[in-house]
Every structure is written in structure tokens, then in C-alpha cells.
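Architecture and fold: a report
As a plain string of letters, each chain reads:
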Amino acid sequence: MNPKDRERHAGMGVTRPPTSFHASDQMRTTSNSSKIQKRSTSRQRPVQQQLSIPSPQNGGNEKLRDSTRKDHGSPAKANFGSEPERGGENSVVNYQKHKQRSRSPSFDGGTSRPLPPRPSEVPHSSKDYDLHNMAESTERVLEKLTETQNKLKAADAEIEALKDGSLLYRRLQETEARLDSAVAELSERHLVDPFRQPDDKIGQMMSDLSNDIRHWSKTFHHATRKQGFTQALKERLTGEEENPFARVTPQVDYYLEEECEKGLSLIVQGYVWSQLIKRVFGFLIWTGGPCYHSSLPGKRCPINESFEHLYKIFSDSKDIVQHHHWRAQTSRLVDRNSPLHKTCISNRILKITKKIESVLRAYTEERDIFFENEFNKGANILLSNIVRAAVDLDRVLWQQKAYFRFRTCNTETISEVFQSTWMTGYESKEEDERGFMRQGIAPSLCCCPALVKTGNSEGTSFENTAFICKAIVDCSFGQRVRRNERR
């Protein structure tokens, strides 16, 4: 076949080589094609070994195109859809290469679609896939193992913290158990100690005594009988006789005026309390007195005389705790033996009542409010019963390890203004008391003293002070003075 026929066939796009040509050309073509195939194989083998398994993620088609360009030397030769080269001694070889590519499964006909992976780039067996999957699964297992180890470490830390917390919890339980045991022991001591009284019971005894004195003062002189008697009382007080109410309040005339309806009752309350503090509280009346069983006149009961003598000796003790412990214990021992001298105690109470009655009888029209007689049997509000209740309260106060005392306001100089911390107004509201404090009004009469407790029930902490009952005071005179000043 002459060169013109070759060019004509190449120009027509023949898809297979010519069937008739010279024998020498055939031999030369065969030898050249075998050489070219060997060179092509030697060139393509290292490229195929460098290729990875194609996938959409790694852009396998692009890598195939790049490798194809490297194999054929130029981008034009890498286009599988182009025509074979024309002319030259290698035209037949190019034609065969073109035919081989067109039959290859990776030939896309010259379109722009991505090429599928070559058979040489796909693993030859499933063993490669198994190794790859095993590697990935091993990595996942290692990650999970690391995560599990971290969780175990955190759990160990929590366990240690719980151990520490459980230890603290056990210690707290032990402390609570010891505290409960101490409270139980203290409660048993309170139960065993029949002489110890709580503050609320002592306060109730004080309040009951104050109420009895208030009710008795109202029966001392009725308001309906006040006319005429008040004027006679004022004339008697202004005479040469000593005024028994002058130490209760300096404003006696004000409380005896017609405008002050409760004035006489308030004065009587203050006077009775002043006599009880002067003659009952602190004088060991509950231990006896002049002994009824003694043949010697003026002889006192042994218990009363001994206890009073010892108390005067130990009253100057520097150890205040031991002093009050001794006082309380001795008072309890004496109280157990006091029933032997009930008559002595009753006689002393009667003597104190007569002393108060001798002063107040001249200022009242009532005659059956002091002692029990055939006309007032069963009456609870009598002056003698009030004195006996005061003796009982004094006995209870002596038997406590804490120290109790009474506090009254100084009404003589009227320099002590109203203080709500330990005072309360007589039949006054909180608004009135705030007004007393705001205006600086001083009480003019103390109807009932305050009861002050120093120390605790155990006989310690004597630096602490508490008010069991507040003082009851009257500030009506100070209010009238403030009103007159405003005018």
C-alpha cells in the first residue's frame, strides 16, 4: 500500500488497518509494534504501581487522566477520543493503540465524564479490603479504649471523693451521737434535779404575783367610793404624818387627783412591791424565823440562823461560780428540812402582812382584804396570800444556780427615761411606748419591778444578763408635762 492510500485511509477515519499491503511492510510493522508494546509496558508499569484505588473522595479520574498524559507524552495524545496520528512509520502502531483504548472499559468516547478506575488500580483480591477494614476497626477500638480508660479514671476519682465524704459522714454521725448522748444525759439531770426550774416557769410565777397585786389594789379602794375620800386622804398626807407613798413616787398629788382614776391603785401596787423587796426577797423567810418551838424568847430556828450566818460569810467569796453553786445546793437541803418549821414560817408571813396592813388600813374603807377571817374564807386575793406567794418565789430563786435580782426605775429624780428593753408601759400599746422613747419621757411610778437573771441554769456564764420579766411603769405624768410644754 502506497503512502497516498495510507493518508487517504487515515483521513477517512478508518477504524481498522488495511487488509492488503506488502509483505515486507507487514513484517516491519509487526516488529515495530512488538518493540513499541514492550516500551509502552515498561513505561506504564511504574505509573500503575503509583496509582491508588480510585474513589470519589480522592479524585481517581483526575489521577487517571494525569497518568495517561504522562504515558503518552502530551495532552493531545491523552485524549482517547481523538483521531490516530497520521503519517510516519508509527502510524500503524498508533492506530493499534487507538483501537486498544477504544475497546478498553475505561474509554469514555471523548466525553468529559469522569473515568472509572482502571482494572490495574483495583485490588486483585478481597484480602486488601479486609486489611483496610481491620486497620480502621482497630483504630476505632483504640479510641473507645482510650475513652473508657478516661471514664474509669474519672470514676476512680469520684470513688475517692465518696470515700472521703463517707469518712466525714461517719465522723459527723459519731459527733451527732455524742451530742445526743450529752443532751440525753443533761435531760436526765434535769429530771433528776427537781429543784431546777426553767425561765418560763419562773417568769410565770412572777407574772402571777404581779397580777394578784394588781387585782388586790383595785379592791383596796373602789372607784365608785372615790369621791370625798380622796380629799380626806390628801389632807391626811399633807399633815404632819409621814407620807408612806413618797418613796413610791414623788408625784403623789397627781395620782390622787380626780382625773387620774387609777392613780390610787397604781400607788398601792408600787407600795406593796417595795415592801416585798424590803422584807421578803433575800431575807430567807422560807427557812423560818423566830422559833415557835424554842422556850427562849427571840430564839430563831436553827436552820434559819445557821444558813443566814453562813451566807453572810461566803457572800464575799471571789469565786462567784462556787459561791452560787453552794448557795443553790444549801438552799435545796434547807428546803427539805423547812417543813419542820412550818409554824415558824407562817408566823413570820403573818408578821410581815401585819406590818404592811398597819400602814395601808388608814387609806382604805375595806377591812377584809388583808387576812383570812370568817367573812372572807376562800378568798384568793388577800394580802397574806400575796406575801406567801412572794416567799415561795423567793425560795425558788434561791434554789437556782443562776443569780436573780429585782430592778426598779429611779422615780425620785425622774432622770431615767423610758427604755423598752426592760420596761413596759402600764396598759400601754407599742405605739405609746415608742412615743415615750421618742419624746424622752421618764416614768413617774414603778408598778412592778423587773426580774433580772445573771448567769445560766448551769451556774456558769455570769457575765451574761437577761430580763425574765420587764418592769411595769406608768408615764402618764410625763405625758401631761409634754402636752403643757407644747401649749
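Rules used throughout
The residue count restarts for each chain, going from 1 along the sequence in the order it is written. Thresholds applied to this predicted model are a pLDDT of at least 70 for local features of residues and 80 or more for the giving and counting of side-chain atom pairs; totals over whole chains, interfaces and linings are not thresholded and use all residues. Neither water nor hydrogens contribute to the side-chain values; these are computed over all heavy atoms in the structure. Helix numbers and strand numbers start at the N terminus; a helix is a DSSP run of H or I with at least 4 residues, a strand a run of E with at least 2. Only protein chains enter the area calculation, which uses a 1.4 Å probe; residues under 20% of their type maximum are buried, those over 50% are exposed, and those in between are partly exposed. We call two residues in contact when some of their heavy atoms are within 4.5 Å. Using the Shrake-Rupley algorithm and a 1.4 Å probe, accessible areas are obtained, with residue cover drawn only from the displayed protein chains. Whenever Lys or Arg places a side-chain nitrogen within 4 Å of a carboxyl oxygen from Asp or Glu, that contact is recorded as a salt bridge. By convention a nonpolar core is built from buried Ala, Val, Leu, Ile, Met, Phe, Trp, Tyr and Cys residues, the set being connected through side-chain atoms within 4.5 Å. Two N or O atoms count as a polar contact when they lie within 3.5 Å, although within protein this holds only if one can serve as hydrogen donor and the other as acceptor, and sequence-adjacent residues are included solely when both atoms are side-chain atoms. Here an angle of 0 to 180 degrees is reported between the N-to-C directions of two axes, which are lines fitted to C-alpha atoms, with helices fitted over the stretch in contact. In what follows, roughly perpendicular refers to angles from 65 to 115 degrees, roughly parallel to angles under 35, roughly antiparallel to angles over 145, and oblique to any angle outside these ranges. Crossings are assigned a handedness: left-handed for a near helix turned anticlockwise from the far helix by less than a right angle, right-handed for a clockwise turn. One less than the number of residues in a helix, times 1.5 Å, gives the span that helix is expected to have. The criterion for strand pairing is that DSSP finds at least two bridges linking the strands in question. pLDDT is defined as a per-residue confidence score from the predictor, taking values between 0 and 100. Working definition: a disulfide is two cysteine sulfur atoms within 2.5 Å of each other.

**Re the overall build of the protein**
Each helix and strand in the protein was counted, giving 16 helices and six strands. In the protein, which comprises 487 residues, the share counted as buried stands at 34%. Pairs at least 24 apart in sequence give 70% of the contacts found in the protein among residues at least 6 apart. Of the roughly 30600 Å² that the protein leaves accessible, carbon and sulfur atoms contribute 51%.

**Re the pattern of salt bridges**
Taken as a whole and assessed by the stated rule, the structure comprises 13 salt bridges. Among the salt bridges present, the one from Glu-257 reaches Arg-480, with a minimum N-O distance of 3.3 Å. With a gap of 223 residues between them, Glu-257 in the loop between α9 (252-255) and α10 (263-279) and Arg-480 in helix α16 (residues 476-486) connect regions that are remote in the sequence. On the basis of relative accessibility, which here comes to 25%, the residue Glu-257 falls in the partly exposed class. Classification of Arg-480 as partly exposed rests on a relative accessible area of 22%. The closest approach of N and O atoms between Arg-361 and Glu-357, which form a salt bridge, is 2.1 Å. Residue Arg-361 is classed as partly exposed on the basis of its relative accessible area, which comes to 29%. Look at Glu-357 and you get buried, because its relative accessible area is 10%.

**Observations regarding the nonpolar core**
Core analysis: the largest hydrophobic core is formed by 58 residues, its most contacted members being Trp-216, Trp-273, Leu-276, Leu-360 and Leu-451. Aside from chain neighbours lying at most four places away, what touches Leu-276 is Ile-213, Phe-281, Ile-386, Val-387 and Ala-390.

**Concerning the side chain of Arg-332**
Along the polypeptide, Arg-332 turns up in helix α12 (residues 320-337). A distance of 3.0 Å separates a polar atom in the side chain of Arg-332 from the backbone oxygen of Gln-399. Aside from chain neighbours lying at most four places away, what touches Arg-332 is Asp-193, Phe-195, Arg-196, Gln-399 and Lys-401.

**Some thoughts on the packing of helix α13 (residues 342-360) against helix α14 (residues 383-398)**
α14 packs onto α13 with a crossing angle of 125° between their chain directions and a minimal axis gap of 9 Å. The orientation of α13 relative to α14 falls into the category oblique. Along this stretch, α13 crosses α14, giving a crossing that reads as right-handed. Between α13 and α14, the contacting residues are Ser-346, Ile-349, Ile-352, Thr-353, Ile-356 and Glu-357 on the first element and Leu-383, Ser-384, Val-387, Arg-388 and Val-391 on the second.

**Thoughts on α10**
Each α-helix winds once per 3.6 residues, and so residues spaced three or four apart point in a common direction. For α10, spanning 17 residues, the distance from its first C-alpha to its last is 25 Å, which sits close to the expected 24 Å at 1.5 Å a residue. The buried fraction of α10 amounts to 13 of the 17 residues, a majority that puts the element mostly inside the structure.

**With respect to the pairing of strand β1 (residues 403-407)**
Only one face of β1 is buried, namely the one carrying Phe-404 and Phe-406, since none of Tyr-403, Arg-405 and Arg-407 on the opposite face is buried. With five bridges joining them, β1 and strand β4 (residues 450-454) adopt antiparallel strand pairing. Its bridge partner being in β4, Arg-405 is matched across the sheet by Val-452.

**Comments concerning the environment of Lys-201**
Structurally, the position occupied by Lys-201 is in helix α7 (residues 199-220). Sequence spacing of Lys-201 and Ile-468 is 267 residues, and the spatial spacing of their C-alpha atoms is 10.0 Å. Here the side chain of Lys-201 touches Gln-197 through a polar contact of 3.2 Å, side chain to side chain.

**Side note on α12**
Between the first and last C-alpha of α12 there are 26 Å, a value that for 18 residues agrees with the 26 Å anticipated at 1.5 Å per step. His-323, His-324, Arg-327, Ala-328, Thr-330, Ser-331, Arg-332, Val-334 and Asp-335 are the residues of α12 that are buried. Turning to α12, the residues buried within the fold contact α11 (302-314), α14 and β1. For α12, the N-terminal cap is Asp-319; the gap from its side-chain oxygen to the backbone nitrogen of Val-321 is 3.3 Å.

**What to know about the sheet that holds strand β6 (residues 471-474)**
Strand order across the open sheet formed by three strands is β2-β6-β3, with mixed pairing between neighbours. At either end of the open sheet lies a strand with only one pairing partner, and these are β2 (423-425) and β3 (445-448). Across this sheet, the average inter-strand angle for adjacent strands is 40°, counted without regard to direction. In this structure, β3 lies alongside β6, joined through three bridges in antiparallel fashion. By the bridge assignment for β6, Leu-445 is matched with Asp-474.

**Here we look at the environment of Thr-408**
In this structure, Thr-408 sits in the loop between β1 and β2. In this structure Thr-408 comes out as partly exposed when scored by relative accessible area, which is 44%. Along the sequence, Thr-408 and Val-473 sit 65 residues apart, while their C-alpha atoms lie 9.2 Å from each other. Not counting the four nearest positions on each side in its chain, Thr-408 is found in contact with Ile-277, Trp-422, Cys-446 and Pro-449.

**What to know about the confidence of the model for the protein**
Confidence in the prediction of the protein, expressed as mean pLDDT, is 75, and 66% of residues score 70 or more. For the protein, the element scoring lowest by mean pLDDT is helix α4 (residues 75-78), at 42; β4 scores highest, at 96. Considering only residues more than four positions removed or in separate chains, one finds that residues 40-89, a stretch of pLDDT under 50, has 65 contacts. Between residues 105-112, whose pLDDT stays under 50, and residues either more than four places distant or in other chains, the model counts 13 contacts.

**Concerning the sheet that holds β1**
Spatially, β1-β4-β5 is the arrangement adopted by the three strands of the open sheet, whose pairing is antiparallel. Each edge of the sheet is formed by a strand with only one pairing partner; in this case those strands are β1 and β5 (465-469). The mean inter-strand angle of the sheet, taken between neighbouring strand axes irrespective of direction, is 30°.

**Let's talk about the state of the cysteines**
Under the definition given, this model contains zero disulfides. Not part of a disulfide, Cys-344 finds its nearest cysteine sulfur in Cys-301, a span of 3.3 Å. Between Cys-475, a free cysteine, and Cys-409, which holds the nearest cysteine sulfur, the sulfur-to-sulfur gap is 8.1 Å.

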